[in-house]
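# Residue-level structure breakdown
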Amino acid sequence: MSALLDAVVAVSSNLDLADVLHRIVLAACELVDATYGALGVIGPSGKDLVEFVTYGVTDEERAAIGDLPHGRGLLGLIIDSPQPQRVAEIARHPESYGFPPNHPPMTSFLGAPVRIRDEVFGNLYLTDKRGAPEFSVDDEAVLVALASAAGIAIENARLYDRTRSQQHWIDTAYRASSDLLNGVGEQTVLQQVTTRVTELTAATSCFVARTVDGALVVRASTDPGHPEGSEVADPGLRAALLGKPQTVTVDDEGVSRTRFTAPLRLGDVPLGVLVVDWLEGDRSLEHVGGLTSFAHRLTVSLGAATAQTDRARSVLYEDRDRIARDMHDHVIQRLFATGMSLQSAARASTPAVRDRLDRAVDDIDSAIKDIRHTIFGLHRQVGSRALTSEISAICRDASVTLGFPPELRLTGRTDDLDESVAVDVLAVLREGLSNAARHAGATAVQVSVEVGDDVTVSVVDDGQGLGPGTRRSGLDNLARRARHRGGSMELGPGESAGTRLVWTVPVDEAEPA
């Protein structure tokens, strides 16, 4: 009895579940002088063992045996009928299933269920009584008493583990929310989230996909099968956007997985989906509650961050509109009036003075053009219209002055360009098409926008080319834009005739130097 009490105290002295299970097996073997011992944890199905804590078997012997027991033979007998079992010779018992290769020989057997209230958590299995051919009735009574105390210790450890897990989820959600509201990029935050979720749940992978223009796109991932930036085509995952958190079994190239999906949805607005995968048989169900609560907190954080960004963007656009109006209504008008005055003065001046005044008027025209390009950039809202659509619109508008539609070719992910680069691309197209319409006398114009490591915009016409009297202020401005971004602009004759304008900047130089 004294030894039993000491064992109970030892088992209850730690709240780490893995350590508690190991101490229970050790205490059971010491109390009844068993050579080998094990505690089999029963899985959610109530039929299979999902964990097997052993004593008396070395790591090398366990590796040689192979897969852990699944709960057949005498082990399954106690699972099906949770009552103590005492057997003198395992091989002679009618339920004996035999041992796998490399398994140590075992003779006598003693087993008892470990209960937590009305739930059978698992079973204690002991074999080979030292100094006796079989276990006694007293050994059985001691093991039953220890199993009862073990159930309380396991419950305390599980409560502690659950509380600690909840705190981990709360901390992870708080950090994600704080980072999002403090301006950390969404993709960076979600990558931290997927990494942390994988760690907390011991999952094989995790990814977060967001809704983008009707598509479901992976924003962050620890799953090689769903890399960042890929579009999710799986109809089951797309359906999860409007469903409820659920756990299903999926077959991935012959490998069965347990998959948890939780929609990230604010009201009726789907923001995305959280997906976590485990190998089938892992204790994934233990994490469903924590994942469900975390997904809800993450959704609220994403919604709050989006609203905050929208408010900041609204204020920014109001300031942009005010600046653009002031530039148009005051600066441009004053420059235009000054230019008109200089032109009037030029007509009454000497030829030398008239040339200088004409150059000054050209400079004013160039400044007005630059200001108008800037005004356009200020009015252009991020994401309000795809860049490909704006390029097409510029070409359609140019067909009026050209007398024919220019031929347009787009290559690469044009809509992924940085906003400031996109503004310059549109400015290059306007200037190139404007020159072709005013000076070239062309019958055909080819427009090309290629996006790779560089952004290349070309406008090629078959006209008469730019003469020596052509105003070049707008073209000089385009060349400056290219140089500021570490690129270049080439202007010269086409292959057979006409003019060829090529403007190139590197993609990774998103901001001017």
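Everything that follows concerns the structure shown earlier in this document.
Overview of the structure. This structure is a prediction, so every number in the text was calculated from the model and none was measured.

## Observations regarding the nonpolar core
Within the largest apolar cluster, 30 residues are counted, with the highest numbers of intra-cluster contacts made by Val425, Leu429, Leu433, Val445 and Trp503. Secondary-structure elements contributing two or more residues to this core are helix 10 (387-402), helix 11 (419-440), strand 12 (445-451), strand 13 (454-461), helix 12 (473-484) and strand 15 (499-506). Here this core gets 8 residues from one element, more than from any other, and that element is helix 11. Leu429 has contacts with Ile391, Ile394, Val447, Val449, Val457 and Val459, leaving out every residue within four places of it along the chain.

## Description of the sheet that holds strand 10 (residues 269-279)
Across a sheet, strands are paired by hydrogen bonds formed along the backbone, either parallel or antiparallel in direction. One open sheet holds the 5 strands; their spatial order is 7-6-10-9-8, and the pairing between them is antiparallel. Every interior strand has two partners, whereas the edge strands, strand 7 (215-221) and strand 8 (246-252), have only one. This sheet shows a mean twist of 30° between the axes of neighbouring strands, independent of strand direction. Bridge count for strand 6 (residues 205-212) against strand 7 is 6 bridges, and the pairing is antiparallel. In the sheet register, Val212 faces strand 7, and the bridge partner there is Ala215.

## Describing a nonpolar patch on the surface
The grouping of Leu266, Val269 and Val300 at the surface amounts to a nonpolar patch, some 230 Å² of accessible area in total. Of note, Val300 is situated in helix 8 (residues 288-347). Overall, the relative accessible area of 42% leaves Val300 in the partly exposed class.

## Here we look at unusual backbone geometry
The general pattern is negative phi for most residues beyond glycine and trans for most peptide bonds. Of note, the phi angle at Asp128 is positive, near 60°, even though the residue is not glycine. Residue classification places Asp128 among the buried residues on the basis of a relative accessible area of 16%. A positive phi is found at Ala202, a non-glycine position, where the angle reads about 55°.

## Focus on helix 5 (residues 137-181)
Taking 1.5 Å of rise per residue, 45 residues should cover 66 Å, and helix 5 covers 65 Å from first to last C-alpha, within 8% of that figure. Looking one or two residues past helix 5, Gly183 carries a phi angle of roughly 95°, positive in sign.

## Remarks on the side chain of Arg210
Among the secondary structure elements, Arg210 is positioned in strand 6. A polar contact of 2.8 Å, which involves the side chain of Arg210, links it to the backbone oxygen of Leu271.

## Section: the packing of aromatic side chains
Under the counting rule described, the total for this entry stands at 3 aromatic pairs. When the ring of Trp169 is compared with that of Phe294, the centres are 5.3 Å apart and the planes differ by 40°; the resulting orientation is tilted. With Trp169 in helix 5 and Phe294 in helix 8, the pair connects residues that are 125 residues apart, well separated along the chain. Taking the relative accessible area as the measure of exposure, Trp169 reaches 3% and is therefore buried. Taken together, Phe52, Phe109 and Tyr125 form an aromatic cluster joined through their ring pairs.

## Quick notes on the packing of helix 5 against helix 6 (residues 186-201)
Helix-helix packing: each pair is described by the crossing angle between the helix axes and the interaxial distance. Two elements in contact, helix 5 and helix 6, have axes separated by 10 Å at closest approach and are oriented at 175°. When the interaxial angle is binned, helix 5 and helix 6 end up roughly antiparallel. Residues His168, Trp169, Thr172, Arg175, Ala176, Asp179 and Leu180 of helix 5 form the contact with helix 6, whose participating residues are Glu186, Val189, Gln192, Val193, Arg196, Val197, Leu200 and Thr201. In terms of residue class, the contact of helix 5 with helix 6 is built from 7 nonpolar, 4 polar and 4 charged.

Conventions we followed
Residues numbered from 1 in each chain as written. Predicted model: local features only at pLDDT ≥ 70, side-chain atom pairs only at ≥ 80, totals over all residues. Heavy atoms only, no water. Core = buried A, V, L, I, M, F, W, Y, C linked by side-chain atoms within 4.5 Å. Buried < 20%, exposed > 50% of the residue type's maximum accessible area, 1.4 Å probe, protein only. Helix = DSSP H or I, 4+ residues; strand = E, 2+ residues; numbered from the N terminus. Contact = heavy atoms within 4.5 Å. Pairing = 2+ DSSP bridges. Axes fitted to C-alpha atoms, helices over the stretch in contact; angles between N-to-C directions. Patch = residues over 30% accessible without salt bridge, like charges linked within 9 Å, V, L, I, M, F, W, Y side chains within 5 Å. Areas by Shrake-Rupley, 256 points an atom, 1.4 Å probe, with all protein chains shown as cover. Salt bridge = Lys/Arg side-chain N within 4 Å of Asp/Glu carboxyl O. Expected span 1.5 Å × (residues − 1). Polar contact = N/O pair within 3.5 Å; in protein donor to acceptor, adjacent residues only side chain to side chain. Phe/Tyr/Trp six-rings, centres within 6.5 Å; stacked < 30°, edge-to-face > 60°. Parallel < 35°, antiparallel > 145°, perpendicular 65-115°, else oblique. Nonpolar A, V, L, I, M, F, W, Y, C, P; charged D, E, K, R; others polar.

Everything listed here is a matter of geometry and, on its own, says nothing about what the molecule does.
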